[in-house]
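Residue-level listing of the chains:
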Amino acid sequence: MEVQQFYYDNKIVKNFLYATMFWGIVGMSVGLLLAFMFMFPNLTDGISWLSFGRLRPLHTNAVIFAFIGNAIYAGVYYSTQRLLKARMYSDFLSKFNFWGWQAIIVAAAITLPLGYTSSKEYAELEWPIDLAIAVVWVAFGINLIGTMIKRRQRHLYVAIWFYLATFVTVAVLHIFNSLELPVSALKSYSVYAGVQDALVQWWYGHNAVAFFLTTPFLGLMYYFVPKAANRPIYSYRLSIVHFWSLIFIYIWAGPHHLLYTALPDWAQNLGVAFSIMLLAPSWGGMINGLLTLRGAWDKVRTDPVLKFMVVAITGYGMATFEGPLLSLKNVNAIAHFSDWIIAHVHVGALAWNGFLTFGMIYWLVPKMTKNRLFSTSLANFHFWIGTLGIILYTLPMYVAGFTQALMWKDFNPDGT
Ligand code: HEM
Ligand code: HEM
């Protein structure tokens, strides 16, 4: 029998990890500045590029595509190589993916404060950057699929299925939502108009949540939670059912962002129905993640990695319980336009995405640098201050959301 020798590419994983930490600090600092602007509205008066309207998309792009995006790549490049027993298909494509993505982020960090925007939420970047995103994303996909083709492990673990669904769906969403007519170097108009534009935009926007903030993270959960707990996943069969039902149902839920609009009623109701159904696969996945820890709860008490992961999965469960409720028309009539939505967003983003990322970083960095963690008590402090922060962030916003809705409903049609 021939003995094969090969090496995993750890350098690319390290680069993505460092980029995750760097952009995490940048993106969340901008979030903090935005929060200060609610208390001191005149904070940056007279400086157009520091105005709220320009910094808000900078925050969302930086945390979603730079912080979370780099975390996805770090986790995917690490776990894919190990799950498929193969080095990435092409070192060139790996480097192209890394440097291309950082260049796109820098382009976003310059153009958004300068006011260049397509005005589509989570797709604000102008057409030359859209093109670059499509090219770099497809390079990532070729690298992923190439690695699958040359793999030494026949069985495809469920995490790989989630990564593949992420690649395919994000490519389709990004390309179709970004179809636009350039009129100058940094200005374009969408090819869609009116309610069709809105529907395509929220088909994209909702599935950015589904296929950028959720499916890759479920793949990471299915890889890193069993690794960190040193236990097999609770149910492999459930993970397969979870995968197919989740990706089938998620793609139809976008219209819940357009309730009470000019979108035809049947389309709004279809979005609501699929949003309600989404509860089942979401909770199936959450339960599968939490039950993987059965028999390892004593470790959760001491290991900061597992603590971060438990709160992450719990946050996922809370956001996906709340989401279907928010989709109901009578509940949406209260929550829409209020701080309730911002609370919902950050339970998902800070707890599910943020904490799973932190857990993964604390698990990976010592491995990648062959060092011990500098300080476990500092990691525990990070965990507690983060958990407390999420609670203090979101709880008052739920109260504020209801108060805002009640105050608005006190107005008569004539404004009295
Ligand atoms: C220190 C952490 C963070 C702070 C202080 C923060 C703060 C903020 C603020 C003040 C807003 C604007 C709210 C408004 O206009 O009423 C916002 C919006 C938003 N943030 Fe954060 N954020 C943080 C972390 C994150 C993370 C990690 C993510 C994603 C992974 C995220 C995703 C978003 C999104 C998607 C919105 C727009 C929500 C909407 O339009 O409904 N944030 N954030
Ligand atoms: C079963 C799963 C989920 C459902 C059915 C759902 C449903 C909803 C609904 C109905 C809204 C309010 C739309 C509006 O009135 O404007 C919303 C907003 C939002 N949700 Fe969720 N949600 C789910 C899970 C999540 C998760 C896990 C995250 C984050 C990781 C998330 C991120 C967001 C964001 C960013 C927005 C704000 C969109 C905007 O800018 O207007 N959602 N969601």
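Please read all numbers here as calculations on a predicted model, not as lab measurements.

Participant: Give me the coordination of the iron atom of ligand 2: which residues, what numbers.
Facilitator: In an ideal octahedron of six donors the angles at the metal are 90 or 180 degrees, and in an ideal tetrahedron of four donors they are 109.5 degrees. The protein gives the iron atom of ligand 2 a lone donor atom, His344 (NE2), placed 2.1 Å from the metal. Mapped onto the elements of the fold, His344 is located in helix α14 (residues 339–369).

Participant: Any details on the pairing of strand β1 (residues 180–184)? Residues and values, ideally.
Facilitator: Bridge count between β1 and strand β2 (residues 187–190): four bridges; the pairing is antiparallel. Bridged to Pro182 within β2 is Ser188. The turn linking β1 back onto β2 is made up of two residues.

Participant: Could you give an account of helix α9 (residues 265–277), with specific residues and numbers?
Facilitator: With 13 residues, α9 extends 18 Å between its outermost C-alpha atoms, agreeing within 8% with the 18 Å of an ideal straight helix rising 1.5 Å per residue. Within α9, burial applies to Ala267, Gln268, Gly271, Val272, Phe274 and Ser275. Where α9 is buried, its residues contact α8 (236–250), α10 (279–291), α12 (304–327) and α13 (329–335).

Participant: Quick one: what's the story with the pattern of salt bridges, residue by residue and with numbers?
Facilitator: In this structure the tally under the stated criterion is five salt bridges. The shortest N-O distance in the salt bridge between Arg56 and Glu121 comes to 3.6 Å. Residue Arg56 is located in helix α2 (residues 52–84), and its partner Glu121 is located in the loop between α3 (91–114) and α4 (127–149); the two are separated by 65 residues in the primary sequence. Judged by its relative accessible area of 32%, Arg56 falls in the partly exposed class. For Glu121, a relative accessible area of 26% gives the class partly exposed. The residue Lys329 makes a salt bridge to Asp265 at a minimum N-O spacing of 3.8 Å. Taken together, the residues Lys329 in helix α13 and Asp265 in helix α9 connect sequence positions 64 residues apart. Note on Asp265: relative accessible area 48%, which makes it partly exposed. Via salt bridges that share partners, Asp9, Arg87 and Asp91 belong to a single interconnected network.

Participant: Before we move on, could you go through the nonpolar core and cite the residues and values that matter?
Facilitator: Trp101, Trp137, Phe224 and Leu364 are the most contacted members of the largest nonpolar core, which has 108 residues in total. Looking at this core, the element that brings in the most residues is α2, giving 17 residues. Two domains share this core, each providing at least three of its residues, namely domain 1 (7–191) and domain 2 (227–404). Residues contacting Phe224, with those up to four places away along its chain left out, are Gly75, Tyr78, Met309, Met360, Trp363 and Leu364.

Participant: Describe in detail the coordination of the iron atom of ligand 1, supporting the description with residues and values.
Facilitator: Listed as protein donors to the iron atom of ligand 1 are His59 (NE2) and His346 (NE2); their distances from the metal cover 2.0 Å. Classification of the site at the iron atom of ligand 1 rests on its six donor atoms, whose angles at the metal span 87 to 179°, yielding the label octahedral. Within this pair, whereas His59 is found in helix α2, its partner His346 is found in helix α14, the two being separated by 287 residues in sequence. In this structure, His59 and His346 share a single accessibility class: buried.

Calculation rules
Residues numbered from 1 in each chain as written. Chains lettered and ligands numbered in written order. Predicted model: local features only at pLDDT ≥ 70, side-chain atom pairs only at ≥ 80, totals over all residues. Heavy atoms only, no water. Donors = N, O, S within 2.8 Å, 3.2 Å for Na, K, Ca; no water. Helix = DSSP H or I, 4+ residues; strand = E, 2+ residues; numbered from the N terminus. Pairing = 2+ DSSP bridges. Expected span 1.5 Å × (residues − 1). Buried < 20%, exposed > 50% of the residue type's maximum accessible area, 1.4 Å probe, protein only. Contact = heavy atoms within 4.5 Å. Salt bridge = Lys/Arg side-chain N within 4 Å of Asp/Glu carboxyl O. Core = buried A, V, L, I, M, F, W, Y, C linked by side-chain atoms within 4.5 Å. Domains from an automatic or database assignment. Tetrahedral: all angles 85-135°; square planar, octahedral: opposite > 155°, others 65-115°.

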